[in-house]
Amino acid sequence: MKAQKTIKIFNILMLSALIVSMLFTAGCNKQTSSDELWKTALYTEDKTFGEGAKTAYVEVKAGDKSITFTLKTDKENLADALLEHKLIEGDDSQFGLYIKKVNGILADYDINQSYWSLCKDGEALLSGASDTKISDGEHYELVYTK
């Protein structure tokens, strides 16, 4: 009887984890197609920044367009590497930096229910940019999601 109850609890937890994972992954693929998003963009073509020892690739996806920033950095986390080159803006929170602008493109949930999803190799990250440690050669995506 106790084993059956434990199995039921385990199944509920696994189902909950699956649902949360699906919601985060959906954010990495869902895009709004609008050229309006790119009107305020700082860069509209791929660009390389910095001279550090590590290289990270950050693809910015908004609507049906994307560009990639190649960051050569010595910074430890993704937020600091992006802030170093003024590629993101946001608000500090108890969970780290809440990114509101990427490449000059605003995503603000309070204004139009949009936000920036942070992914790595197409998979949603459960950590924010402030807690995402950079290793050489990694590929990240910041996806405008609405």
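Residues numbered from 1 in each chain as written. Predicted model: local features only at pLDDT ≥ 70, side-chain atom pairs only at ≥ 80, totals over all residues. Heavy atoms only, no water.

Asker: Even after reading the chapter, I still don't get the sheet that holds strand S8 (residues 123-124), so can you show me in this structure?
Answerer: Note on sheets: strands pair through backbone hydrogen bonds, and any given pair is parallel or antiparallel. The six strands are arranged S1-S3-S2-S9-S7-S8 in an open sheet whose pairing can be described as mixed. Each edge of the open sheet carries a strand with a single partner, namely strand S1 (47-49) and S8. The pairing of strand S2 (residues 54-62) with strand S9 (residues 138-145) spans six bridges and is parallel. In the sheet register, Val60 faces S9, and the bridge partner there is Leu142. (Pairing = 2+ DSSP bridges. Helix = DSSP H or I, 4+ residues; strand = E, 2+ residues; numbered from the N terminus.)

Asker: Even after reading the chapter, I still don't get the pairing of S2, so can you show me in this structure?
Answerer: Regular strands place side chains that alternate from one sheet face to the opposite one. Counting buried positions along S2 yields seven of nine residues, so the element is predominantly enclosed. Of the pairings in the sheet, the one linking S2 to strand S3 (residues 65-73) comprises nine bridges and is antiparallel in character. Residue pairing in the sheet places Lys54 in a bridge with Thr73 of S3. (Buried < 20%, exposed > 50% of the residue type's maximum accessible area, 1.4 Å probe, protein only.)

Asker: Where do I start with the sheet that holds strand S4 (residues 88-93) in this structure?
Answerer: Strands sit in the order S4-S5-S6 across an open sheet of three strands; the sheet is antiparallel. Of all strands in the sheet, those bounded by a partner on one side alone are S4 and strand S6 (105-106). By the bridge criterion, six bridges tie S4 to strand S5 (residues 96-102) in an arrangement that is antiparallel. Bridging across to S5, Gly90 finds its partner in Ile99.

Asker: Which parts of the structure should I look at to understand the pattern of salt bridges?
Answerer: When the charged atoms of two side chains with opposite charge come close together, those side chains can pair. For the structure shown, the criterion picks out four salt bridges. Salt-bridge contacts for Asp108 lead to Lys100; the nearest nitrogen and oxygen are separated by 3.5 Å. Here the two residues Asp108 and Lys100 agree in accessibility, since each one is buried. (Salt bridge = Lys/Arg side-chain N within 4 Å of Asp/Glu carboxyl O.)

Asker: Quick question: what am I supposed to make of the side chain of Glu59 here?
Answerer: You can see Glu59 is positioned in strand S2. Buried within the structure, Glu59 lacks any salt-bridge partner; Lys61 is the closest side chain of opposite charge, at an N-O distance of 4.3 Å. For Glu59, the side chain forms a polar contact with the side chain of His139, separated by 3.3 Å. Glu59 has contacts with Ser66, Ile67, Thr68, His139, Tyr140, Glu141 and Leu142, leaving out every residue within four places of it along the chain. (Lys, Arg positive; Asp, Glu negative; His and termini not counted. Polar contact = N/O pair within 3.5 Å; in protein donor to acceptor, adjacent residues only side chain to side chain. Contact = heavy atoms within 4.5 Å.)

Asker: Even after reading the chapter, I still don't get the confidence of the model for the protein chain, so can you show me in this structure?
Answerer: Do not read the fine detail of predicted coordinates wherever pLDDT is low. Taken as a whole, the protein chain shows an average pLDDT of 84; of its residues, 77% reach a score of 70 or greater. Confidence over residues 6-25 falls short of pLDDT 50; this stretch has five contacts with residues more than four positions distant or in other chains. (pLDDT = per-residue confidence, 0-100.)

Asker: Would you mind going over the packing of aromatic side chains with me for this structure?
Answerer: Any aromatic ring pair is given by two values, namely how distant the centres are and how the planes are angled relative to each other. On inspection of all chains with the given rule, the structure shows four aromatic pairs. With 5.5 Å between their ring centres and 80 degrees between their planes, Phe49 and Phe69 make a pair best called edge-to-face. Of this pair, Phe49 sits in strand S1 while Phe69 sits in strand S3, placing them 20 residues apart in sequence. Both residues of the pair, Phe49 and Phe69, count as buried. With centroids separated by 5.7 Å and ring planes inclined at 80 degrees, the aromatic side chains of Trp116 and Tyr144 adopt a geometry described as edge-to-face. Note that Trp116 is positioned in strand S7 (residues 115-120) and Tyr144 in strand S9, a separation of 28 residues in sequence. Look at Trp116 and you get buried, because its relative accessible area is 9%. Judged by its relative accessible area of 2%, Tyr144 is buried. Following the ring pairs from residue to residue traces out a cluster consisting of Tyr43, Phe49 and Phe69. Sitting over the face of the ring of Phe49, Lys47 holds its NZ or CZ atom 5.5 Å from the ring centroid. Sitting above the plane of the Trp38 ring, Lys65 keeps its charged end 5.5 Å from the centroid. (Phe/Tyr/Trp six-rings, centres within 6.5 Å; stacked < 30°, edge-to-face > 60°. Lys NZ or Arg CZ within 6 Å of the ring centre and 35° of its normal.)

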